[in-house]
Structures are given as C-alpha cells and as structure tokens.
Amino acid sequence: MSQATGVTKPPFRKMNWLPRDIAVDRRADGTLVLESRIPLQPYAPHIPALVAKWAADRPDQTWIAQRKGAARQWRRIAYAEGKALIDSLTQALLDLGVPAGRPLAILSGNSLEHALMTQAGMQARLPVAPFSPSYSLLSQDHAKLKYLFNLVKPAVVLVQDGVQFQKALNALQANGQLDGLPVIHVDRAPEGIASHAFEALARTPVTPAVQASVDAITPETIGKLLFTSGSTGMPKAVVNTQRMMCANVAQGNQVRSQPGPGPTVVLDWMPWNHTMGGNSTFHGILGEGGTLYIDDGRPVPGLYDETLNNLREIAPSLYSSAPSGYAMLAAALEKDDALARNFFQNLNLLAYGGARLPDDLYARMQALAVQYTGHRIVFYTGWGSTETAPTSTGTYWDTERVGLIGLPFPGVQLKMLPTPTPGMYELRLKGINVFPAYYAQPDLTAAAFDEEGFYKIGDAGVLSDPADPAAGLIFAGRVTEEFKLTTGTFVHVGELRTDCIATCSPVLLDALVTGQDRPYIGLLAWPNLAACRQLIGQPDAGFDTIVAHPAVRDAVRRGLEAHNATTQGASSRRIGRVLLLTEPPSIDGNELTDKGYINQKAGLTRRAALVERLYADPVAHDVIVLE
C-alpha cells in the first residue's frame, strides 16, 4: 500500500535479493563506515574461465549475437563455438610473438570480433585496452588517442574497419606510434598500413601453448586497461586485474538474481570501452551464463529505431538504459501493443544509470508493466567508477525510490566523511573490486588513496534516512563541483542538476549549473532534440529553431517553476535564469566525457561568455527569467 495515497499497488515481480544486513561503524569525528555483514561468495579465477565453464555446461546456448550483413540477420555465437574461436585467436597472438604483459589496443565499437579478441587477449595475458571510438572517429586532432597510445604503449592493435578508422591510424602512424606493431583488421584493411585479417587468424590451429598461457593467468594478472572519462584532465589508464573483475561479477550476481526460468537475456548498447558496458554488462552475462544481444541502436534521434526493431524480436529478461533512453522507450511502448507485449513477456528487472530517473517516467514505465504483466518491476541501479570494476553499491531490494545508489556490496567498505554541508558526506571505497593502480602513473596512484587505503572517488552522498543507514544512500554529485553563492550558501551541483533535468522531462537533456560568486543559480541547458521536435511538431527542426520556440521555452519555464516551488525559498536550490544552448558539448573541449557525463568545470570555462550573458542586465532576449 502506498503510504502517500492509501492505494494498494500491484506487487513487484519477484527477484532474489541479498538481505540488507549492514554494519555501521560510527566514529567520533562523525565518519561512518558501512559494509555488509554477509561475506562475498566464491568467484572465478579469471574471466576466460567463465567462457570455458559455459562452453562445457551449455555448449549450444547462444552467448553473444549481433546483426550482420546487408540483410541485418542475427549472427549468433554459442558458448562452445566462442571458446573454439577464442582459442584460435589466442594461438594467433602467441604466434605473432606479442609478449605477455604488453597491451592489446582495440579500435572498435561493440562487435562479435571485439568480444572474441578481448577474451583471446586475456588468455594470452595481454592487458586489453579498448579505446573509445569517439577518440578516433569524432575527434579532429586525435590528441587523446595519441596521448593514451603513448601512455600504455600497445604491442598489437585490432581495428574493426581499417577504412573507417583510417584517419586515426594515419595520425598514429605519422606520430611513429604504429612502428613495428602488428595490426589486425576485421572488415576492411587500412590503406598504406600492413595488417592481418581477423578471419584468417580465427582459423589458426590450436596447440598446447594456449592452455599453458591460460594456466599461467593469476589473480593479479592485468585483464584490462580501461580509461577514465578525462573529466579532470587527460584520461588515466585504470589497471583491472582478473581478481577485481571476477570479484565484481560475483558481487553483482550475489546481491540480485533472477528466479528464472532460463538464462538471463540482455539487449544492450553501452560501449565496452566504458566500464559499465565492458565490465558490468559483458562480464555479468558471463557470470550468469546468459545471452547478450549487441544493440547497434542508441537512445538518440535517428538511431533508436534500430533498438525498437531489436526489441520487437528479442524479449529481454533484464533491460538497462539511460533516462533519455527510457523516455524514448516509454513513448514507443505506449503506442505499440505488439512491441510492449514482447518487451514485457520475460522481463524481471529494469536498470538505469548516468542520471536520476524522472518520477513521471518511472510512473509511466510502471503503468506499462502493470498493464502487460500485472506486476510492477523494480528499477535497479548502482554506483561506482572505472576504478571499482565498476559497481560498489546497488539498490538490491524492492524500492520505489528513484535517485538512490543503494548500499555496499559484500566485500566493500564505504567510508562516509562529513562535509561542511550538514547531512552530506564525501564517499570513499575500499574492497576487493577496487583497482590497485593507474597504469604507468605511480604519482596519480598514490594521490588516489587516503591514509587508510580508501579510494577517494570524489563523489558525495546523503543518507536517505539519517536514522537508518540501511535505507540506502542518495547520490549528491561530485565533491569538486560544489560552489558558494554570494550569500555564502553551498550549492550541491550534482543533485540539483539531475533534479532540474527530471522536473523538465523530457525537454532538457543536460545542463551546466552556474552561480559561483553570483547571487543566484542559473542553468546553461541543452534541449533534448528528439523530445522538443515532437513537442513542437517539427521532426527536422534544428537547435536554433528549438531554443527560440515558445512551446519549448514554456515547458522549461513550467518545469523549473515547479522545481522552485519545492525549494521553500532556499537560494541553494532555486533557479533564477536559464539559457538554452545550441552548440552540443565538445569532446575535444573536454566538456563531454567518454561516459557521457558533463564536465562542469570545463563547460563553464569554455562557455564563460554565455555565463556572462546569462547574468547580464538588462536581460538578454534569449534568457528565460524565473519569477
């Protein structure tokens, strides 16, 4: 029964949750340390062992699938077939003479070949370093790509399409960074650069050297080098050992499991160069012996139709997306009965990340779930970083509250240090899933940990119920993003930003929060192109048209006035002015991290003139003033 309305709601669809048995150490200085009293369950010795397990236990079950060819038919790889291909590729890497311990660079989006070569690299004991395709395909100067190649010094390179990545390869070659490196291409060979065909290497006869290499993998062996977002400078290469990755698989599967029947089925688009897609999703499927369908769609205009086409065929048991993706999904499900029936028929759990899920969107998805299943479905989320493999906390209970980041996993200690803001804590982490080092940067490694060995993640949080820590934590943004108004009041940027986007759903995509040394808070906000086009009935409208349209401006004004009405006049929460932006966030300008997170500091620095325009008097004609 809802305490707010007294109305009995349908029950949640059953999930198997870990009990919330949380120990709380309360220190004299106000610091709290939270950890689960339940010990971590046993975990695999290394990630390739998971493929081998399911190849033996479920040889014919589909492990991974992707649409291929002009007909866009699913190419499915079963666990046994995948293991055989991985072994052949491992042998090929050994035959190429790539020394163990030297990185394997991957220039590719998500693909079957990317998956197979990642496992082969691990079996050959090569740290696998997947580079963000944006560093190759969207960047104009390839500065991050060249910087990271120099940092990790790979010994072999896989490129999905040599022609598509030609400019990036040319930039590396001109910089002398491909000298002597074997290059492997999948689709088309690059021009002017010698390369090996992936297809030929995947037919390499296997010798006992492969098993000998696998047997030499230890828990400390580096499985991956995953790059941070670069929100505070150039990206760092995070060492991901086999122990931390396998432990995190066990942690995630221990806190939640589906009651069945059948294996977990996931359709997912999140990039594997990012720790959520490449570790949490990709490794999580291996931990459960599930099936992963690669979604070549994206939750952006022009690409989401691919996702919807996939969901007409694939019925996931677990589905995850960003809030912007759920906005597009809900709109499609509400008007397509066949799509909704297929989507919900096997669904046990929904998951989100990247930002707070708006309340109205949560309500719409739950209404659909009840209509098609008779149950509500829990929205699960977690929290962590590239340095924590990635997830350290999760909302592992039947919760209706959106915005929570949950409680620590078994094997994790969460230290909460009081900040000058009452009720807010700086969060730090220690545990088996926490990274040992940044690759080749010992000074940055030393600075990342406190005197007790806790990783200083840089995030802030508040307790949902200060009297009951087991009620979970709420994310409150980055510690370094906080600022003061001229009133001396602290502004909690992360929480405020997500609340404002949520209250304006779906017309705002993201925002920069302004107000440092100003009398009130302002927003530089990016409109959600797809939602705004639908709102004004102009499917081809550009940003200039959208930001000037009265319907868009009125929707933003109404949303933020509703937000302001909840602030009780607090200057730390109230928005005074808004300026809608027409230029997307810049990757080369460090405004947009590879994870899709907005770099507040870089954005405000780059758009300093717009900040001045926002606060100028008399008020500029394009600034929205809130009363």
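The rules we used
Residues numbered from 1 in each chain as written. Predicted model: local features only at pLDDT ≥ 70, side-chain atom pairs only at ≥ 80, totals over all residues. Heavy atoms only, no water. Helix = DSSP H or I, 4+ residues; strand = E, 2+ residues; numbered from the N terminus. Rg over C-alpha atoms; globule rule 2.2 N^0.38 Å. Buried < 20%, exposed > 50% of the residue type's maximum accessible area, 1.4 Å probe, protein only. Contact = heavy atoms within 4.5 Å. Areas by Shrake-Rupley, 256 points an atom, 1.4 Å probe, with all protein chains shown as cover. Pairing = 2+ DSSP bridges. Axes fitted to C-alpha atoms, helices over the stretch in contact; angles between N-to-C directions. Salt bridge = Lys/Arg side-chain N within 4 Å of Asp/Glu carboxyl O. 1 Å grid on protein atoms, 1.4 Å probe; cavity = no way out; pocket = protein on both sides within 12 Å on 5 of 7 lines; lining within 4 Å. Points joined across faces, edges and corners; volume = space filled by probe spheres on them. Nonpolar A, V, L, I, M, F, W, Y, C, P; charged D, E, K, R; others polar. Parallel < 35°, antiparallel > 145°, perpendicular 65-115°, else oblique. Core = buried A, V, L, I, M, F, W, Y, C linked by side-chain atoms within 4.5 Å. Phe/Tyr/Trp six-rings, centres within 6.5 Å; stacked < 30°, edge-to-face > 60°. Lys NZ or Arg CZ within 6 Å of the ring centre and 35° of its normal.

**Examining the overall build of the chain**
Working step 1: Helices and strands together make up the secondary structure of the chain, namely 21 helices and 31 strands.
Working step 2: Relative to its length of 627 residues, the chain is compact, with a C-alpha radius of gyration of 24 Å against a globular reference of 25 Å.
Working step 3: With the principal axes as the frame, the chain shows a C-alpha extent of 75 × 55 × 55 Å.
Working step 4: Split into buried and exposed, the 627 residues of the chain put 58% on the buried side.
Working step 5: Pairs at least 24 apart in sequence give 68% of the contacts found in the chain among residues at least 6 apart.
Working step 6: Carbon and sulfur atoms make up 53% of the accessible area of the chain, which amounts to about 24300 Å² in all.

**Here's the deal with the sheet that holds strand E31 (residues 623–625)**
Working step 1: Pairing in this open sheet of 4 strands is mixed, and the strands run E28-E29-E30-E31 from one edge to the other. The two strands at the open ends of the sheet, each matched to only one other strand, are strand E28 (508–514) and E31. Each strand of the sheet is rotated relative to its neighbour by a mean of 25°, with strand direction disregarded.
Working step 2: Here 5 bridges tie strand E29 (residues 521–527) to strand E30 (residues 575–580), and the two strands are oriented parallel to one another. Looking across to E30, one finds that Gly 522 is bridged to Arg 577.

**A look at the pattern of salt bridges**
Working step 1: Here the structure, examined in full by the defined rule, presents 30 salt bridges.
Working step 2: Between Arg 497 and Asp 510 there is a salt bridge, with its nearest N and O atoms 2.7 Å apart. In this pair, Arg 497 is assigned in helix H16 (residues 493–503) and Asp 510 in strand E28, connecting sequence segments 13 residues apart.
Working step 3: With relative accessibility at 7%, the residue Arg 497 sits in the buried group.
Working step 4: A residue is classified by how much of its surface remains accessible, and Asp 510, at 10% relative accessible area, is buried.
Working step 5: In this structure, the salt-bridge partner of Glu 583 is Arg 607, at a minimum N-O distance of 3.4 Å. Here Arg 607 lies in the loop between helix H20 (600–606) and helix H21 (608–615) and Glu 583 lies in the loop between E30 and H20, a separation of 24 residues in the sequence.
Working step 6: The exposure class of Glu 583 is partly exposed, given its relative accessible area of 36%.

**Some remarks on empty space enclosed by the protein**
Working step 1: Applying the stated rule across the entire model yields 2 cavities of 30 Å³ or more.
Working step 2: Lining the largest cavity are His 114, Thr 118, Val 128, Pro 130, Lys 224, Trp 272, Gly 278 and Phe 282.
Working step 3: At the level of elements, helix H3 (112–123), strand E7 (128–131) and helix H10 (275–288) are the ones that each hand at least two residues to the lining of the largest cavity.
Working step 4: The residue makeup of the lining of the largest cavity, split by class, is 4 nonpolar, 3 polar and 1 charged.

**Quick word on the packing of helix H2 (residues 79–95) against helix H8 (residues 208–215)**
For any two helices packed against each other, one specifies the inter-axial angle together with the distance between the axes.
Working step 1: At a closest axis distance of 9 Å, the pairing of H2 and H8 adopts a crossing angle of 90°. Put simply, H2 runs roughly perpendicular to H8. Every residue of H8 that contacts H2 at Asp 87, Thr 90, Gln 91 and Leu 94 is listed here: Ala 209, Val 210 and Ser 213.

**Section: the nonpolar core**
Working step 1: If you look at the biggest cluster of nonpolar residues, it comprises 121 residues, and the most contacted ones within it are Ile 64, Tyr 326, Leu 329, Phe 343, Phe 344 and Met 365.
Working step 2: In contact with Leu 329, not counting residues within four places along its chain, are Tyr 304, Leu 308, Leu 311, Tyr 319, Phe 343 and Met 365.
Working step 3: In this structure, Cys 504, Ala 511, Ala 541 and Val 556 belong to the second largest nonpolar core, which totals 29 residues.

**Examining the sheet that holds strand E23 (residues 424–431)**
Working step 1: Here 9 strands make up an open sheet; going across it, the order is E2-E3-E22-E23-E24-E25-E21-E20-E19 and the pairing antiparallel. Strand pairing shows two members of the sheet lacking a second neighbour, strand E2 (22–26) and strand E19 (382–384), which therefore form its edges. Across the sheet, the mean angle from the axis of one strand to that of its neighbour is 40°, orientation sign disregarded.

**What about unusual backbone geometry?**
Working step 1: With an omega dihedral of 5°, the bond running from Ser 505 to Pro 506 counts as a cis peptide bond.
Working step 2: For Pro 506, the position within the fold is in the loop between H16 and E28.
Working step 3: Here the bond from Asp 617 into Pro 618 is cis, since omega is 0°, no more than 30 degrees from zero.
Working step 4: Summarising the element assignment, Pro 618 is placed in the loop between H21 and E31.
Working step 5: If you check the backbone angles, His 142 has positive phi at about 55° while not being a glycine.
Working step 6: Within the secondary structure, His 142 sits in the loop between helix H4 (133–137) and helix H5 (143–152).

**Re the packing of helix H13 (residues 337–344) against helix H14 (residues 359–373)**
Working step 1: Close contact between H13 and H14 brings their axes to 10 Å; oriented N to C, the two are set at 85°. It follows from the interaxial angle that H13 and H14 lie roughly perpendicular. Contacts between H13 and H14 involve Asp 337, Ala 340, Arg 341, Phe 343 and Phe 344 on the former and, on the latter, Met 365, Leu 368, Ala 369, Tyr 372 and Thr 373.
Working step 2: Of the residues in the contact of H13 with H14, the class split is 7 nonpolar, 1 polar and 2 charged.

**Points about the packing of aromatic side chains**
Working step 1: One pass over the structure, following the stated rule, counts 21 aromatic pairs.
Working step 2: For Lys 236, the ring lying beneath its charged end belongs to Tyr 438, and the centroid distance is 5.3 Å.
Working step 3: Positioned over the ring face of Tyr 615 is Arg 518, at 4.6 Å from the centre of the ring.

**Concerning the side chain of Ser 385**
Working step 1: Mapped onto the fold, Ser 385 is located in the loop between E19 and strand E20 (391–394).
Working step 2: Overall, Ser 385 belongs to the buried group, its relative accessible area being 8%.
Working step 3: Excluding residues within four positions of it along the chain, Ser 385 makes contact with Thr 275, Pro 390, Tyr 455 and Ile 457.

Such coordinate-based values are descriptive only and should not be taken to indicate function.
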